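# Tertiary structure, described
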Amino acid sequence: MASRDIKHEGRISAISAGEITVTILAKSACTSCEAKGMCGSSEMKDKEIFIKYSGAESWKIGEIVNVAMKPSMGRKAVFLGYVFPLMFLIITMAITANLTDNEGIIGLSTLGSVGIYFTLLWTFRDKLNNSFTFSIEKYSNYESVCNV
């Protein structure tokens, strides 16, 4: 695997035919901050990643592994989740503002366009899910977690 991959430490929680479920602990950047007890933005939660595999390796439930993905997939997710909806919001607001002076209509149409965008993402979630691929590798102590 290339050293430029983004890696997270995880634990295998389930194994089924052709798929491994890995649970990773997602940590926000401020978990090591001294003021995290006073701030509500620090966040730690488990996330499940489903990884397709051919079965050539032997894996065990409870085994600690590294889950890796290409940086380009992270950029793709940012564009799909943040950049494109913001573009739809701004474009819809500009077009509607040129058509009417009613701020209620402008606001509702703007929110509606973003709602439609996320509904389309949800509708095509299976197809999108296939375009995001993760790989799994044995955990080694010398690699730091969350490499970029």
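Before reading further, recall that the structure is shown in the block above.
Residues numbered from 1 in each chain as written. Predicted model: local features only at pLDDT ≥ 70, side-chain atom pairs only at ≥ 80, totals over all residues. Heavy atoms only, no water.

## Considerations on a nonpolar patch on the surface
Under the convention used in this document: Each patch is built from residues that are more than 30% exposed by relative accessible area and take part in no salt bridge. Like charges join if they lie within 9 Å; nonpolar side chains (Val, Leu, Ile, Met, Phe, Trp, Tyr) join within 5 Å. Here the Shrake-Rupley method, with its probe set to 1.4 Å, supplies the accessible areas, and only the displayed protein chains count as covering residues. Whenever a carboxyl oxygen of Asp or Glu lies within 4 Å of a side-chain nitrogen of Lys or Arg, that contact is scored as a salt bridge. The helix count covers DSSP runs of H or I at least four residues long, the strand count covers runs of E at least two residues long, and both are numbered beginning at the N terminus. Partly exposed describes any residue whose relative accessible area lies between the buried limit of under 20% and the exposed limit of over 50%, with all areas from a 1.4 Å probe on protein chains only and scaled to the type maximum.
Together, Phe79, Phe84, Met87, Phe88, Ile91, Ile95 and Leu99 line one region of the surface with nonpolar side chains, adding up to about 690 Å² of accessible area. Within the secondary structure, Leu99 is located in helix H1 (residues 71-99). Among the residues examined, Leu99 registers a relative accessible area of 71% and is labelled exposed.

## Quick look at H1
Condition: Helix span is expected to be 1.5 Å times the residue number reduced by one. Working definition for bend: take the seven residues up to and ending at a residue and the seven starting at it, fit an axis to each, and measure the angle between the axes. Pairs of residues are marked as contacts when any of their non-hydrogen atoms sit within 4.5 Å.
Along its 29 residues, H1 runs 41 Å from first to last C-alpha, staying within 8% of the 42 Å computed at 1.5 Å per residue. A maximum bend of about 40° is found in H1 at Phe79. The set of residues buried in H1 consists of Met73, Gly74, Leu80, Pro85, Thr92 and Thr96. Contacts from the buried residues of H1 go to strand S4 (64-69), helix H2 (103-123) and helix H3 (125-131).

## Topic: the packing of aromatic side chains
To be explicit about the condition: Only Phe, Tyr and Trp rings are paired, with Trp represented by its six-membered ring, and only when their centres lie within 6.5 Å; those with planes under 30 degrees apart are stacked, over 60 edge-to-face, the remainder tilted. A positively charged side chain is recorded as over a ring if its NZ (Lys) or CZ (Arg) lies within 6 Å of the ring centre. The angle to the ring normal must also be within 35 degrees.
With the rule as written, the count across this model stands at 3 aromatic pairs. Measuring from ring centre to ring centre gives 5.2 Å for Phe88 and Tyr117, while their planes differ by 45°; the resulting arrangement is tilted. Here Phe88, found in helix H1, pairs with Tyr117, found in helix H2; they are 29 residues apart in sequence, far enough to count as distant. Here the aromatic residues Phe88, Tyr117 and Phe118 are joined through ring pairs into a cluster of three or more. For the cation-ring pair, Lys138 lies above Trp59, with the distance from its terminal atom to the ring centre recorded as 4.5 Å.

## Some remarks on the packing of H1 against H2
For clarity, the threshold we go by: Axis definition: a line fitted to C-alpha atoms, limited for helices to the stretch in contact. Angles are taken between N-to-C directions and run from 0 to 180 degrees. With respect to orientation, any angle under 35 degrees is reported as roughly parallel, any angle over 145 as roughly antiparallel, any angle of 65 to 115 as roughly perpendicular, and every other angle as oblique. In this scheme, a crossing is called left-handed if the near helix is turned counterclockwise away from the far one by less than a right angle; it is called right-handed if the turn is clockwise. Basically, the charged four are Asp, Glu, Lys and Arg, the nonpolar ten are Ala, Val, Leu, Ile, Met, Phe, Trp, Tyr, Cys and Pro, and anything else, Gly included, counts as polar.
Running from N to C, H1 and H2 cross one another at 150°; their axes reach a closest spacing of 9 Å. The pairing of H1 with H2 is recorded here as roughly antiparallel in orientation. Crossing of H1 over H2 shows right-handed handedness. Residue-level inspection shows Phe79, Leu80, Gly81, Phe84, Pro85, Phe88, Leu89, Thr92, Met93, Thr96 and Ala97 of H1 in contact with H2, the latter providing Ile105, Ile106, Ser109, Thr110, Ser113, Val114, Tyr117, Phe118 and Leu121. Here the residues of the contact of H1 with H2 sort into 14 nonpolar, 6 polar and no charged.

## Description of the side chain of Thr21
Relative to the elements of secondary structure, Thr21 occurs in strand S2 (residues 19-27). The buried category is assigned to Thr21, whose relative accessible area is 9%. In contact with Thr21, other than residues within four places in its own chain, are Arg11, Ile12, Ser13, Ala14, Glu48, Ile49 and Phe50.

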